[in-house]
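# A closer look at the structure
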Amino acid sequence: MKKTKGFTLIELIIVMAILTILMAAIMQMFKPIRETYVDATLYENQRTVQNGVIQYISESVRYATDMGIYTKNNTSNVTEAVNAFADAYIAANNIVDIPAVPGPPHEPAKNYAADTKEAIQRYAEVIVIDNDTDYTFNNADWNGRILRRKFIEETVSVPNPSGGTMNVTKPKKVSNDAENYIKTEECRMALGASYYGDRNYTVAIKCGDPTKFDSSGSLKSGETWEADDGIALSVASYSKIQGSGASITEKGAYVETKGEVMCKNLAGASNHGIAKTGIFDISKFTSGSSTGSGTKVYIVYLNPGENGIEAVRAASGK
């Protein structure tokens, strides 16, 4: 009977070495494809989040009847931004106090301007785009967040039409430390690291009409930002990829998503076929252009309804 001859140990080792070399070569060939897939996935995730940030701001302000946009260089906190907006609203609508008329017949003083300012302090919506404050989330330091003013109710005494006073529940007036959401309950973290994921973001806002800017990105001489121009938003971040161990390293790829919102209640007839109403104030918005890292932007606005523009108009007597 003929003996069957098998592979020797040396031959098996040689075959395994050849297969290992071929496998390594194949894996190396697919490495660029895998890296491209990983990069594309990371970038797409970033763009999804960035679109979410733009949509959040857009949907919040889309139906605003009046709006003011300010930066921290001229308005150092939420209170100053709200007061700047109130002053602009009062001036634009010619709201003035009426002194008392001695009798008979006696006419009491009408504090229209003061009451309007208080109503705005209570009912104005505020979004804070904070590209300045570092904060901690999951034991890591982050930068870039969006705060939203909350309405906290309080009981106050007001004149009773039947005489005397009565207690009513109203939103609490904004205070000086309202944006310190850790110490107060007046602002909440609307979007931060828990939403953004493992990266820092910068949100910028400027005039939505690109024809009004020069090559450096600043408004051309003589140009002004009007409500009709809309609001251009851009959200930017650097891609991050998991590194060795538990550390996360910057990959260095810059990702930016842009969007635009038009407030139909503020725009003119040329855009929406409706008469322009309300105010659009950027008197304290630095240069009317981009707001990058190290800045804060306060978007103060009134929405339709009894907890918005109707309450303010009732206070103004108009």
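Small disclaimer: the values here were computed from a predicted structure and weren't measured. (Residues numbered from 1 in each chain as written. Predicted model: local features only at pLDDT ≥ 70, side-chain atom pairs only at ≥ 80, totals over all residues. Heavy atoms only, no water.)

### Focus: the packing of aromatic side chains
- Enumeration over the complete set of coordinates arrives at two aromatic pairs.
- Taking 5.5 Å as the distance between ring centres and 70° as the angle between the ring planes, the aromatic pair formed by tryptophan 225 and phenylalanine 280 counts as edge-to-face. In this pair, tryptophan 225 sits in the loop between strand E7 (201-207) and strand E8 (231-242) while phenylalanine 280 sits in strand E10 (residues 280-281), placing the two residues 55 residues apart along the sequence.
- With a relative accessible area of 3%, tryptophan 225 lands in the buried category. (Phe/Tyr/Trp six-rings, centres within 6.5 Å; stacked < 30°, edge-to-face > 60°. Helix = DSSP H or I, 4+ residues; strand = E, 2+ residues; numbered from the N terminus. Buried < 20%, exposed > 50% of the residue type's maximum accessible area, 1.4 Å probe, protein only.)

### Considering the sheet that holds E10
- In space, the six strands of this open sheet follow the order E6-E3-E2-E11-E1-E10, with mixed pairing throughout. Every interior strand has two partners, whereas the edge strands, strand E6 (187-191) and E10, have only one.
- With four bridges connecting them, strand E3 (residues 140-149) and E6 associate as antiparallel partners. Residue pairing for E6: leucine 147 is matched across the bridge by methionine 189.
- Together, strand E2 (125-137), E3 and strand E11 (296-302) form the strand contacts of helix H3 (residues 112-123), whose direction differs from that of E3 by roughly 135°. (Pairing = 2+ DSSP bridges. Contact = heavy atoms within 4.5 Å. Axes fitted to C-alpha atoms, helices over the stretch in contact; angles between N-to-C directions.)

### Looking at the environment of tyrosine 135
- Counting through the fold element by element, tyrosine 135 comes out in strand E2.
- Discounting residues that sit within four places of it in the chain, tyrosine 135 has contacts with Ala140, Asp141, Trp142, Asn143, Gly144, Arg145, Tyr181, Met189, Gly192 and Ala193.

### Here we look at the side chain of arginine 122
- Note on placement: arginine 122 falls in helix H3.
- If sequence neighbours within four positions are ignored, arginine 122 has contacts with Arg149, Phe151, Glu154, Val156, Lys170, Pro171, Lys172 and Lys173.

### Some details on the packing of H3 against helix H6 (residues 309-316)
- Look at H3 against H6: their axes get within 7 Å of each other, and the N-to-C directions meet at 165°. If you check the angle between H3 and H6, you find them roughly antiparallel. In terms of crossing hand, the pair formed by H3 and H6 is right-handed. The residues of H6 that touch H3, namely those facing Tyr112, Asp115, Thr116, Ala119, Ile120 and Tyr123, are Ala311, Val312, Ala315 and Ser316. (Parallel < 35°, antiparallel > 145°, perpendicular 65-115°, else oblique. Left-handed = near helix turned anticlockwise from the far one by under 90°.)

### Description of the confidence of the model for the protein
- Counting all residues, the mean pLDDT for the protein is 78, and 81% of those residues have values of 70 or more.
- Here residues 241-248 scores under 50 on pLDDT; set against residues more than four positions off or in separate chains, the count is eleven contacts.
- In this model, residues 269-274 is a region of pLDDT below 50 whose contacts with residues beyond four sequence positions or in other chains number twelve contacts. (pLDDT = per-residue confidence, 0-100.)

### Let's talk about the nonpolar core
- Residues Val53, Met67, Ile69, Ile146, Ile205 and Ile299 are the most contacted members of the largest nonpolar core, which totals 33 residues.
- Put simply, the parts of the chain that give this core at least two residues each are helix H1 (9-61), strand E1 (66-71), E2, E6, E7, E8 and E11.
- The dominant element in this core, judged by the number of residues it contributes, is H1, at five residues.
- Those residues within four positions of methionine 67 in sequence are excluded, and the remaining contacts are Val61, Phe85, Ile231, Cys263, Leu266, Ile279, Phe280, Asp281, Ile299, Val300 and Tyr301.
- Judged by nonpolar contacts, the second largest core, of 29 residues, contains Phe85, Ala113, Ala119 and Ala315. (Core = buried A, V, L, I, M, F, W, Y, C linked by side-chain atoms within 4.5 Å.)

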